[in-house]
Amino acid sequence: GEDVEQSLFLSVREGDSSVINCTYTDSSSTYLYWYKQEPGAGLQLLTYIFSNMDMKQDQRLTVLLNKKDKHLSLRIADTQTGDSAIYFCAEIPYNQGGKLIFGQGTELSVKP
Amino acid sequence: NAGVTQTPKFQVLKTGQSMTLQCAQDMNHNSMYWYRQDPGMGLRLIYYSASEGTTDKGEVPNGYNVSRLNKREFSLRLESAAPSQTSVYFCASEGGRELETQYFGPGTRLLVL
């Protein structure tokens with residue numbers, strides 16, 4: 001079945017780069033997503049990548065997609081304390097009627 | 001334009017009590033979803049409604065019922081709450097167009113004693 005896996009925790013120092021990794025099992029998804037959840041809040045779409053792309057850059061965010069290895073990553077350059085949050089990767093497999101499948105979420109802690 | 005709203009924000013129940021979580025969206029979206037979030041498990045889909053008048057089970061429907069009252073509102077009911085239902089519940093909606101993202105409400109934190 002469909003499965004999306006992430007490591008649970010990542011700690012970095014302010015100003016460093018953060019890399020959050022995700023693996024998925026279903027290669028039929030047209031888009032793959034990164035959502036951000038700040039403390040006490042719901043999820044918000046952070047960025048996405050179309051499945052025929054290898055890389056997408058959006059200001060401090062870089063998304064890399066390796067379809068062969070079914071690996072997705074999110075790099076945050078110059079990480080700030082305001083980036084501390086839980087980051088979820090998600091996909092919509094072709095046969096799931098539009099339903100998002102989420103990873104477990106990676107809690108990013110940014111230390112001053 | 002409030003987006004997706006949920007009530008209540010917090011609730012404490014005793015085992016066996018019932019309650020209804022309310023969700024409303026003002027974006028004229030067709031699809032609505034209920035998720036629960038538990039530590040280390042991400043979001044798991046409880047029920048969803050692809051359009052007004054239809055509902056379908058998600059990954060973890062047992063112990064819950066839903067009602068799509070109209071296009072705006074999608075409620076989640078716990079008939080007899082159990083401690084295993086202690087969680088944070090999120091409602092989301094989606095318009096259905098390509099790349100349309102899901103918009104999430106702020107969540108309801110439920111503690112069942």
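Our subject is the structure listed above.
Residues numbered from 1 in each chain as written. Chains lettered and ligands numbered in written order. Predicted model: local features only at pLDDT ≥ 70, side-chain atom pairs only at ≥ 80, totals over all residues. Heavy atoms only, no water.

Asks: Can you help me understand the state of the cysteines in this one?
Replies: The bond known as a disulfide is covalent and runs between the sulfur atoms of two cysteines. As enumerated under the stated definition, the model contains two disulfides over all chains in all. Paired by a disulfide, A:Cys22 and A:Cys89 hold their sulfur atoms 1.9 Å apart. Residues A:Cys22 and A:Cys89 are joined by a disulfide whose S-S torsion is about 70°; by sign, that bridge is right-handed. Placement of A:Cys22 in strand β3 (residues 18–24) and of A:Cys89 in strand β9 (residues 85–91) is noted, with a sequence separation of 67 residues between them. Taken individually, A:Cys22 and A:Cys89 each receive the classification buried, so the pair is uniform in this respect. A sulfur-sulfur distance of 1.8 Å marks the disulfide that ties B:Cys23 to B:Cys91. (Disulfide = S-S within 2.5 Å. Helix = DSSP H or I, 4+ residues; strand = E, 2+ residues; numbered from the N terminus. Buried < 20%, exposed > 50% of the residue type's maximum accessible area, 1.4 Å probe, protein only.)

Asks: What is the right way to look at the pattern of salt bridges in this model?
Replies: In a structure, side chains of opposite charge can pair up when their charged atoms sit close to one another. Overall, the coordinates contain six salt bridges over all chains when judged by the stated rule. The closest approach of N and O atoms between A:Asp69 and A:Lys68, which form a salt bridge, is 3.7 Å. On the basis of relative accessibility, which here comes to 46%, the residue A:Asp69 falls in the partly exposed class. Look at A:Lys68 and you get exposed, because its relative accessible area is 77%. Salt-bridge contacts for B:Asp38 lead to B:Arg44; the nearest nitrogen and oxygen are separated by 2.9 Å. A single burial state applies to B:Asp38 and to B:Arg44, both of which are buried. Each of B:Arg36, B:Asp38 and B:Arg44 takes part in salt bridges that share partners, so that together they form one network. (Salt bridge = Lys/Arg side-chain N within 4 Å of Asp/Glu carboxyl O.)

Asks: Would you mind showing me how to read unusual backbone geometry here?
Replies: A negative phi angle is the norm for most residues apart from glycine, just as the trans form is the norm for most peptide bonds. Here B:Thr7 and B:Pro8 are connected by a cis peptide whose omega angle stands at -5°. As for its placement among the helices and strands, B:Pro8 is situated in the loop between β1 (4–7) and β2 (10–13). With a phi angle near 55°, A:Gln59 is a residue other than glycine that sits in the positive phi range. Structurally, A:Gln59 can be placed in the loop between β6 (55–58) and β7 (61–66). For A:Lys70, which is not a glycine, the phi torsion comes out positive at approximately 55°. On the secondary structure map, A:Lys70 appears in the loop between β7 and β8 (71–76). For A:Lys70, a relative accessible area of 27% puts it in the partly exposed group.

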